[in-house]
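The lines below spell out each chain.
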Amino acid sequence: MDKVYLTWWQVDRAIFSLADVLRDYKPDVIIGIARGGLIPAVRLSHILGEVELKVIDVKFYKGIDERAERPTITIPIHGDIEGKKVIIVDDVSDTGKTLQVVIEEVKKRGAKDIKIACLAMKPWTSVVPDFYVFRTDKWIVFPWEEFPVVARE
Ligand code: 5GP
């Protein structure tokens, strides 16, 4: 699969654009999905100011060459979100399965309203975020990820 590399500058511009629209929504809580959603979630929480930041970790279980049908929650949301306006933040909605599990969990915990914000989405996702900036069918490499060196042979 082709790769597209995003720079810190592009990602920061994207987060500021998301913050602009999310300001009108006036969320009580931001929930960042580990790991990819954490950097955008932290940055958004600083830009927006009066908002609580919470974390959830979701993993696809991997056996030998295996992916589970559904991702599972490995770090649950701490504290109370009942009756709150929540923004769920992730880096990218790809299959959308991670977001499906998180949305279900946030609903179960009694959130009053839920919006999804991602930096990027893939055209085939089952969960189109309420707000996103980039749309691509390529594999995205974020600036906090590895940039592998190619060694000349
Ligand atoms: P899902 O398939 O459940 O929507 O995506 C699960 C997770 O896989 C995302 O939160 C993200 O961390 C990772 N992922 C999916 N597609 C990409 C991609 O193109 N680039 C990177 N860096 N991570 C991805």
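Reading the values: the criteria
- Residues numbered from 1 in each chain as written.
- Predicted model: local features only at pLDDT ≥ 70, side-chain atom pairs only at ≥ 80, totals over all residues.
- Heavy atoms only, no water.
- Near = heavy atom within 4 Å.
- Polar contact = N/O pair within 3.5 Å; in protein donor to acceptor, adjacent residues only side chain to side chain.
- Areas by Shrake-Rupley, 256 points an atom, 1.4 Å probe, with all protein chains shown as cover.
- Helix = DSSP H or I, 4+ residues; strand = E, 2+ residues; numbered from the N terminus.
- pLDDT = per-residue confidence, 0-100.
- Expected span 1.5 Å × (residues − 1).
- Buried < 20%, exposed > 50% of the residue type's maximum accessible area, 1.4 Å probe, protein only.
- Pairing = 2+ DSSP bridges.
- Axes fitted to C-alpha atoms, helices over the stretch in contact; angles between N-to-C directions.
- Contact = heavy atoms within 4.5 Å.

Going by an unreviewed UniProt entry, the chain carries the name Phosphoribosyltransferase and comes from Thermococcus argininiproducens.

Novice: How should the site of the ligand be read in this particular structure?
Specialist: Taken together, 15 residues sit near the ligand, with D94, T95, T98, K122 and I140 positioned nearest. At 2.8 Å, a backbone N or O of G96 approaches an oxygen atom of the ligand. Within the side chain of E145, an N or O atom sits 2.9 Å from a nitrogen atom of the ligand. For the ligand, whose free accessible area comes to 500 Å², the fraction covered by protein is 87%. For the shell around the ligand, the secondary structure elements donating two or more residues are strand 7 (85–93), helix 3 (97–108) and strand 10 (139–141).

Novice: Explain unusual backbone geometry to me, please; I cannot follow it from the model alone.
Specialist: Cis geometry is found at the peptide bond from A34 to R35, where omega equals -10°. Within the secondary structure, R35 sits in the loop between strand 2 (29–34) and helix 2 (38–48). Within the chain, K26 stands out as a residue other than glycine whose phi angle is a positive 50°. Counting through the fold element by element, K26 comes out in the loop between helix 1 (8–25) and strand 2.

Novice: Looking at this model, I keep getting lost on the confidence of the model for the chain. Mind explaining?
Specialist: For any part of a model where pLDDT is low, the fine detail of the predicted coordinates should not be relied upon. Within the chain, residue pLDDT values average 93, and 95% of them lie at 70 or more. Of the two predicted TM-score estimates for the complex, the pTM is 0.93 and the ipTM is 0.98.

Novice: Explanation requested: helix 3 in the structure shown.
Specialist: End to end, helix 3 covers 17 Å across twelve residues, agreeing with the expected 16 Å (1.5 Å per residue, within 8%). Residues of helix 3 that are buried include every one of T98, L99, V101, V102, I103, E105 and V106, and no others. Where helix 3 ends, the next residue or the one after it, G110, has phi of about 90°, a positive value.

Novice: Would you take a moment to explain the sheet that holds strand 3 (residues 52–59) for this structure?
Specialist: By definition, the strands of a sheet pair up through backbone hydrogen bonds, in either a parallel or an antiparallel sense. Pairing in this open sheet of six strands is mixed, and the strands run 6-3-2-7-8-9 from one edge to the other. Where the open sheet ends on each side, the last strands, each with one partner, are strand 6 (72–75) and strand 9 (131–135). For this sheet, the mean angle separating the axes of adjacent strands, direction not counted, is 30°. Sheet analysis places strand 3 next to strand 6, joined by three bridges and oriented antiparallel. Directly across from K59, in strand 6, lies its bridge partner T72. Each of strand 2, strand 3, strand 6, strand 7 and strand 8 (113–121) touches helix 3; the most contacted strand, strand 7, lies at about 170° to it.

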